[in-house]
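# Fold and geometry: a report
The chain contents come next:
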Amino acid sequence: MTTLWLSLLWVAQRDTTAINRYVDSEMARQHIPGLSIVVLTGDRVLLSRGYGLANVELRVPASDSTVYQSGSMGKQFTAAVVEMLVDHHQLRLDDSIVRWFPEGKDVWRDITVRRLLTHTSGIAEYTDSTFDYRKDYTEDELVKFAASRPLDFQPGERWSYSNTGYVLLGALIHRVTGRFYGDLLRDSVFRPLGMNDSRIISEADIVPNRAAGYRLENGQLKNQEWVAPMLNTTADGALYFTPSAAALDTAWTAVRLNDGATYPYGFGWFLLPQRSEPRISHTGSWQGFKTVIARYPRSGLTVIVLANLAEAQVGAIAYAIAGLLDPAVQAPHLTATAPSSGREPPLSIPALLGTILAKPDSAPITPRFRTFLRPDLTAWYRALTADGRRWTFGGCDAMTSLKFSYLGSPVAYACHARSARASGGGTVVSVFYTAGWQAAGIEGYGY
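One structure accompanies this document, and this report is about it. (Residues numbered from 1 in each chain as written. Predicted model: local features only at pLDDT ≥ 70, side-chain atom pairs only at ≥ 80, totals over all residues. Heavy atoms only, no water.)

### Comments concerning the sheet that holds strand β20 (residues 426-433)
What the four strands build is an open sheet, ordered β16-β19-β20-β21; its pairing is antiparallel. Of all the strands in the sheet, just β16 (390-398) and β21 (439-446) have a single pairing partner and so form its edges. Shown here is a sheet whose adjacent strand axes are inclined to one another by a mean of 20°, direction ignored. Each of β16, β19 (413-420), β20 and β21 touches helix α10 (residues 375-384); the most contacted strand, β21, lies at about 65° to it. (Pairing = 2+ DSSP bridges. Helix = DSSP H or I, 4+ residues; strand = E, 2+ residues; numbered from the N terminus. Axes fitted to C-alpha atoms, helices over the stretch in contact; angles between N-to-C directions. Contact = heavy atoms within 4.5 Å.)

The following block contains the structure:
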């Protein structure tokens, strides 16, 4: 046993009560029916248990064997299968996808497999108002639906999260190998890793320990909404998981855009720091479930949280648990004011957002960030600064030693603020600044 592992084990044993108390309080505050967590250091389990109810109607307790839907946390496994095909020389990351998708020859010629993996393809999101969640599309019909829409931007020009890209990756795996991606995932990833309870979603099959999914409607708990069975087999995140200790390392390298700048996303992983420590993570959301995995390479910690409520803020719960075990990654939504760098930005974070909205051309942001602004981002900033929001400054962290960059700019400071709602909860906003206090990028999470 390493000294680090013994230290973390001692902390985990000492702080199990604190973790349980925090989880219980968050479940009550957020009205989460059931939740399961696992905390690891390396491949050693520090904590694994369930809280609350996996099924409210039947009063079934959640446990470390409860099966939850993955949501987008399943994208890492889709990426892993693609990487296996690359290793077996069945495709190349820089191949044009038109090789397998002639349906998209008019719009997808410049899109590569790598661009699908990293959300830089420009392919329009299929999960919008034009899509019928009650229609049982075939895989080929989903491909044709995606190909019928114009690109949002030129491939490699920018980054924009795309479930459509991962749906296409599932179809690509099928066309390359002749096998349904879920079967290949089962045989090539889950079984070798001993992940015997992980599989493609099926409403028809008997799945032991399956949790029910829920949503809140006007404060009342409701069952998840029904979608067509085909939409529970796509490669953008239609898996069943338990809080298993097994996990698969995929590409943890930030994607490079056409102009050479990088964005902190790899193959199915966000590569954003927590305080001044690296964090490799991804969340998921689907049919009344929320999931997250957060890995901290310096300490070896991994925290997995699975919940059966669509509105659950599982990211905040995972980040907080990590901070309870390792003070170096204390979650920003739980800090009062801790400017560890001893500095504050010259313009407050809400004022910065207001300036970006009112005068983007003169706002103190990097040129690359200015070109990265798009309607969904500015709509988010507008919601954060709406009347009735209460702001609390959470301090700044020195980032130089981490050598983290955002859109091509080296980051010297990360500063945090909470935008709280009167009804409770809110959003942590983290701004990444250059040494000259230009904002290079803005990220956030709900709590």
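### Some points on helix α8 (residues 349-358)
Among the residues of α8, I349, L352, L353 and I356 are the ones counted as buried. Seen end-on, α8 carries its buried residues on one side only, within an arc spanning 100°. In this structure, the buried residues of α8 make contact with α9 (367-372), α10, β16, β19, β20 and β21. (Buried < 20%, exposed > 50% of the residue type's maximum accessible area, 1.4 Å probe, protein only. Arc of directions from axis to C-beta.)

### Section: the layout of surface pockets
The calculated volume of the largest pocket comes to roughly 1200 Å³. Looking at the largest pocket, it is lined by 47 residues, and the ones nearest its centre are F270, T283, E443, G444 and Y445. Here the residues of the lining of the largest pocket are counted per class, giving 23 nonpolar, 17 polar and seven charged. Of the volumes computed, that of the second largest pocket is approximately 270 Å³. The wall of the second largest pocket is formed by R29, Q30, H31, L216, L309, E311, Q313, R421, S423, G424, G425 and Y447. Residues that form the lining of the second largest pocket fall into these classes: three nonpolar, six polar and three charged. (1 Å grid on protein atoms, 1.4 Å probe; cavity = no way out; pocket = protein on both sides within 12 Å on 5 of 7 lines; lining within 4 Å. Points joined across faces, edges and corners; volume = space filled by probe spheres on them. Nonpolar A, V, L, I, M, F, W, Y, C, P; charged D, E, K, R; others polar.)

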